[in-house]
Amino acid sequence: MNLSARLFGGLSASQRLFLRRYGPIFAVYGFIIVLFIIGATQSERFLTVRNLTNVARQSAFLGIVALGQMLVILTAGIDLSIGSLVKLSILVSAIVMNGETNNQGAAIVATLGLGLLVGLIHGFLVNEVKIAPFIVTLASLGLLRGISLSISTSPVGSASRPFIMFYVQKIGPIPVIALIFALLLVLTALLLRYTAFGKYLYAIGGNIEVAHLSGVPVKLTRYGVYAICSISASITGLLWLSRMGVGDPAIGDGVELQAITAVIIGGTSLFGGRGTVIGTLGGVLLLGITANLLVMLGVNQFVQGLIQGIIIVAAVALYKQEGD
Amino acid sequence: MSEYILEMRNISKSFAGVQALKDVSIRCKPGQVYGLVGENGAGKSTLMKILAGAYKADAGEIIYKGQRREGASAGDVIDSGISIIYQELALVPRMSVAENIFLGREPQRAFGILDLKSLHERAAKLTARLGISMDTSLPVSELTVAQRQLVEIAKALSQNADLIVMDEPSAILAGSELDQLFRIISSLIAQGVTIIYISHRLDEVFRIADEVTVLKDGELVETRPIDELDRQTLVKLMVGRPLDEIFPQTDHEQGELVLVAENVSTDTILEGASLELYKGEILGIAGMVGSGRTELARALFGADPLTSGTVSLVGEEGALWTTPAKAIESGLVLVPEDRKSHGLFTSLSVRVNITLPILSRLTRFGIMQSQAERAIVEAARDRLSIVMASSDQEAQYLSGGNQQKVVLAKWLETDPAVVILDEPTRGVDVGAKFEIYRLMRQLNDRGIAIVMISSELPEVIGMSDRILVMNNGRIVGEVAREEATEAGIIELATMAGAGAN
Ligand SMILES: Nc1ncnc2c1ncn2[C@@H]1O[C@H](COP(=O)(O)OP(=O)(O)OP(=O)(O)O)[C@@H](O)[C@H]1O
Ligand SMILES: [Mg+2]
């Protein structure tokens, strides 16, 4: 008998199922609230508009790639290359834009096109050459990073004036970048719930053989999902350009692991077929707020890593209670 | 257009070293039921997977609705009006009943947006037509195996197929569910649908088929109208020699007590089960699917923690076990019903599968004695007549029945005192069934006690020395072999209110 069954003994079958599935996600949000309370009571600067705007903006950077990553992981795949692609994207966009407002459109198209291309190549290698996603994207992690650093090891290119301003723009009290993330969140949730493509992601992750035999367009779906994930990295690269103003090749390292961490904390199974947008958002916020709070409280960098590790283990242990 | 809806001509297929099909031809007319029978590994499922577009034949052609079919994908085949219910359940556990039924063919509005309302309405209509009441938004993982099988059938029906292949659809159905299946089949035939029905339960084949095709070792033996066949002839065609379908008996007296379970309950449907088991006997456990038989087996084996009661082996005073590892050490083994997820390492070789539990016996200073290992695997293969290319073949590529034999072989090598067999002959062909029965009696002669769970009543009655009947989580009666009748057991097993908490 598992813990949640013991706690929720008196409920109907479907209520129990709901709690078993979503209970851990409530726990993640519960923990976020606890962090808020700690922040509000222990630090004067935490609960200020300025700081919260910051947290929202930073969460958007991680959140957009986490969404892409989640979709891939739903199919029992993984994308290790997104950090390197963020790096290459900021370089490409900065070089193409080269400080000119006129070049903005070209820079955006080029960067998103780069993401699409990388995603399709991943899809091709996974689908047609039948190489495991882990290996395909591990290779491109190295490759894209190599290409980036051979372009430049010091900042190159630059963003146009309006493009830099974009980073600080707000609608009411909310940064536009956070609104973009919110929009993508909603779109992803709708995609998963109301489209055939969304169902196919779960089906492929749940049992690829069954999906295939049921006539699910497995290959097409995988091309699509790797493309979406890579494009989410390109978008993040563009946002980084807006933030940095130049093509800084130091950007992007380790982003893939952060994204995977957020997705796992959000309750998505690495084996595929299980995961929700609301969970991933919880994972992103939990990571973002923890990092912010630890800085506010002046906690040492190394301790931050330690705490993140503990959060991962605790979260996954919670999801384990679901027992399937 | 010809009078045949489907013709498969001269189909051959081999998998690295195994000729699974050689020059096999079948043809089907609309509105008829075709029985497809043969021993384990005869190639039945392979033939149907070729029809489904899951495998590509090495040679031969398929003519469907008057047209030669060329390189069709699984999706094309479904669209062309062929549905397949696979031998191994083909559902995505975490997706809902409705989503599973319509997977790959969801009702959609424009731009791939789902029509969820129609999805659930249509699913509910289908399940109602099948006479099953279930919440179609529930994930499949919450259903019993029998319910899942019914969902598979609903999925096939939803495709409005003209030809439905059922690969052992009845293996996990019993009683009313089985009747339901046959009712559906007759209504389908009345609508002109063609059915290809694969089963090892020959009485079912006689009950519904118009014509029977027999395969053996990948070759076509014969196709005959059912009226020109009797059971004995059919068995002979399948096995290649006459086979007396007589249950082997033992003549010895009841032995000493070996295992006692008292008032055992777990956190499942199982409630207050008590039983005694004697040396050298077979204790049959009968009951409907979902009546708690598997849960009883798991409780005895220590796979589910007990919430009340005790299980102990006589002589090992206080030798209680709470884990399967301890149970095995004490001399009690369980051969589980769901071989895919509990009994086999599907991606490991047959050899490893068989010898894994006895590795310590096969190693010297931690080093494998491959000579001894090979000998054991060879012996098991001969004793159970396991069909495989070599003992290095991965277990997943064996036919369903042969996988079952491998699971049995694995546990029989551990030399236990008590063996619990959960559906030991599910999906096993007639010849091998009697091999398994004989093997069980050999174990009895060595003094080993057997608990056998089975949905096949003739088998329970034929093999058991005593029969316990379960209903709704409780043991509701014990029937001695001499008094056992199918009707009597069904009555106990389905009596309303019996066993209710
Ligand atoms: N993918 C595969 N790779 C290698 N060998 C295979 C594969 N699929 C089937 N075989 C082999 O082909 C033969 C026929 O198998 P098949 O599953 O068609 O038998 P079957 O008649 O359905 O038996 P059963 O009654 O046990 O289900 C077997 O010897 C099996 O080992
Ligand atoms: Mg088969």
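Above this note sits the structure.
Below is a summary of the structure that appears in this document.

Describing the overall build of chain A
Helices and strands together make up the secondary structure of chain A, namely 14 helices and 2 strands. The globule rule puts the C-alpha radius of gyration for 324 residues at 20 Å, and the 20 Å found for chain A is close to it. With respect to the principal axes defined by its C-alpha atoms, chain A has extents near 65 × 55 × 35 Å. Across the 324 residues in chain A, those meeting the buried criterion constitute 46%.

Notes on the site of ligand 1
Residues and elements named next belong to chain B. Taken together, the neighbourhood of ligand 1 is formed by 21 residues, with Phe15, Ser45, Thr46, Ser399 and Gly401 sitting nearest. At the level of elements, β2 (18–28), α1 (44–52) and α15 (400–412) are the ones that each hand at least two residues to the shell around ligand 1. Of the residues belonging to the shell around ligand 1, the class tally is 7 nonpolar, 12 polar and 2 charged. Per-domain counts for the shell around ligand 1 show at least three residues from each of domain 1 (6–239) and domain 3 (346–415).

Points about the sheet that holds strand β13 (residues 282–287) of chain B
Backbone hydrogen bonds hold the strands of a sheet together, and the pairing may be parallel or antiparallel. Residues and elements named next belong to chain B. Taken together, the 6 strands give an open sheet; going across it, the order is β15-β18-β19-β13-β20-β21, and neighbouring strands pair in mixed fashion. Each edge of the sheet is formed by a strand with only one pairing partner; in this case those strands are β15 (332–335) and β21 (474–480). Mean inter-strand twist for the sheet, computed between neighbouring axes without regard to direction, equals 20°. Of the strand pairs in this sheet, strand β18 (residues 418–422) and strand β19 (residues 449–453) are connected by 5 bridges, and their pairing is parallel. Looking at β19, one finds that Ile420 is bridged to Val451. Its contacts with the sheet put helix α9 (residues 293–301) on β13, β15, β18, β19 and β20 (466–471), and the angle it makes with β18 is roughly 155°. Helix-sheet contacts for helix α16 (residues 430–445) involve β13, β18 and β19, and the interaxial angle to β19 is about 150°.

A word on the nonpolar core
Residues Ala66(A), Leu71(A), Ala203(A), Ala259(A), Ile195(B) and Tyr197(B) are the most contacted members of the largest nonpolar core, which totals 159 residues. Setting aside residues no more than four positions away along its own chain, Ala203(A) makes contact with Ala211(A), Val216(A), Val92(B), Met95(B) and Leu103(B). Core analysis: the second largest hydrophobic core is formed by 69 residues, Phe301(B), Leu334(B), Ala417(B) and Leu457(B) among them.

Re the packing of helix α4 (residues 82–97) of chain A against helix α12 (residues 255–265) of chain A
Residue and element names in this part refer to chain A. With their axes 6 Å apart at the nearest point, α4 and α12 run at an angle of 130° to one another. Considered as vectors, α4 and α12 are oriented oblique to each other. Between α4 and α12, the contacting residues are Ile82, Gly83 and Val86 on the first element and Val255, Glu256 and Ala259 on the second.

Examining the pairing of strand β8 (residues 194–198) of chain B
Residues and elements named next belong to chain B. Counting buried residues in β8 gives 5 out of 5 residues, a clear majority hidden from the surface. Neither face of β8 is open: one carries Thr194, Ile196 and Ile198, the other Ile195 and Tyr197, and all of them are buried. Taken together, the 4 bridges between strand β3 (residues 33–38) and β8 define a ladder with parallel strand orientation. Note on β8: the bridge partner recorded for Val33 is Ile195. Relative to β8, strand β7 (residues 163–167) runs parallel, the two sharing 5 bridges.

Reading the values: rules and limits
- Residues numbered from 1 in each chain as written.
- Chains lettered and ligands numbered in written order.
- Predicted model: local features only at pLDDT ≥ 70, side-chain atom pairs only at ≥ 80, totals over all residues.
- Helix = DSSP H or I, 4+ residues; strand = E, 2+ residues; numbered from the N terminus.
- Rg over C-alpha atoms; globule rule 2.2 N^0.38 Å.
- Buried ≥ 20, exposed ≤ 12 C-beta atoms within 10 Å, placed from the backbone.
- Near = placed C-beta within 6 Å.
- Nonpolar A, V, L, I, M, F, W, Y, C, P; charged D, E, K, R; others polar.
- Domains from an automatic or database assignment.
- Pairing = 2+ DSSP bridges.
- Axes fitted to C-alpha atoms, helices over the stretch in contact; angles between N-to-C directions.
- Contact = placed C-beta atoms within 7 Å.
- Core = buried A, V, L, I, M, F, W, Y, C linked by C-beta atoms within 7 Å.
- Parallel < 35°, antiparallel > 145°, perpendicular 65-115°, else oblique.

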